[in-house]
Amino acid sequence: MTRKVDRMARRPDRIRIEVFGPTSEAETAEEAFRPSDEAVRSLARLIGRQMAREQFERARALERKQARQNRSGHMR
């Protein structure tokens with residue numbers, strides 16, 4: 001019997017955030033914040049892509065609406 005693999009669980013764009021405890025070595029501020037900076041950038045990239053998709057869909061919907069109105073206007 002084969003089991004279906006949940007495709008959502010294997011998404012490559014999934015963000016993995018790791019929490020690190022204090023280290024014994026002295027770190028610079030840049031080194032200390034690097035993992036969280038990468039996570040924030042990844043999240044910002046995903047949000048930006050979603051916003052762009054939504055904006056594109058709104059523009060397409062407006063174009064379709066105007067095309068329908070133009071077609072119905074010519075029939076009169």
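This one's a predicted model, so the numbers in the text were calculated from it and none came from an experiment.

**Student:** Where do I start with the overall build of the protein chain in this structure?
**Tutor:** Of regular secondary structure, the protein chain possesses one helix and zero strands. Carbon and sulfur atoms make up 53% of the accessible area of the protein chain, which totals about 8,000 Å².

**Student:** Got a minute to help me understand a nonpolar patch on the surface in this structure?
**Tutor:** A cluster of nonpolar side chains, contributed by Leu 43, Ile 47 and Met 51, occupies part of the molecular surface with about 290 Å² of accessible area. You can see Ile 47 is positioned in helix α1 (residues 29-74). Residue classification places Ile 47 among the partly exposed positions, given a relative accessible area of 45%.

**Student:** Help me understand a positive patch on the surface in this model?
**Tutor:** Taken together, the side chains of Arg 60, Arg 64, Lys 65, Arg 68 and Arg 71 define a basic patch exposed on the protein surface. By secondary structure assignment, the location of Lys 65 is in helix α1. Classification of Lys 65 by relative accessible area gives partly exposed; the value is 43%.

What counts and what doesn't
- Residues numbered from 1 in each chain as written.
- Predicted model: local features only at pLDDT ≥ 70, side-chain atom pairs only at ≥ 80, totals over all residues.
- Heavy atoms only, no water.
- Helix = DSSP H or I, 4+ residues; strand = E, 2+ residues; numbered from the N terminus.
- Areas by Shrake-Rupley, 256 points an atom, 1.4 Å probe, with all protein chains shown as cover.
- Patch = residues over 30% accessible without salt bridge, like charges linked within 9 Å, V, L, I, M, F, W, Y side chains within 5 Å.
- Salt bridge = Lys/Arg side-chain N within 4 Å of Asp/Glu carboxyl O.
- Buried < 20%, exposed > 50% of the residue type's maximum accessible area, 1.4 Å probe, protein only.
- Lys, Arg positive; Asp, Glu negative; His and termini not counted.
- Charge placed at Lys NZ, Arg CZ, Asp CG, Glu CD.

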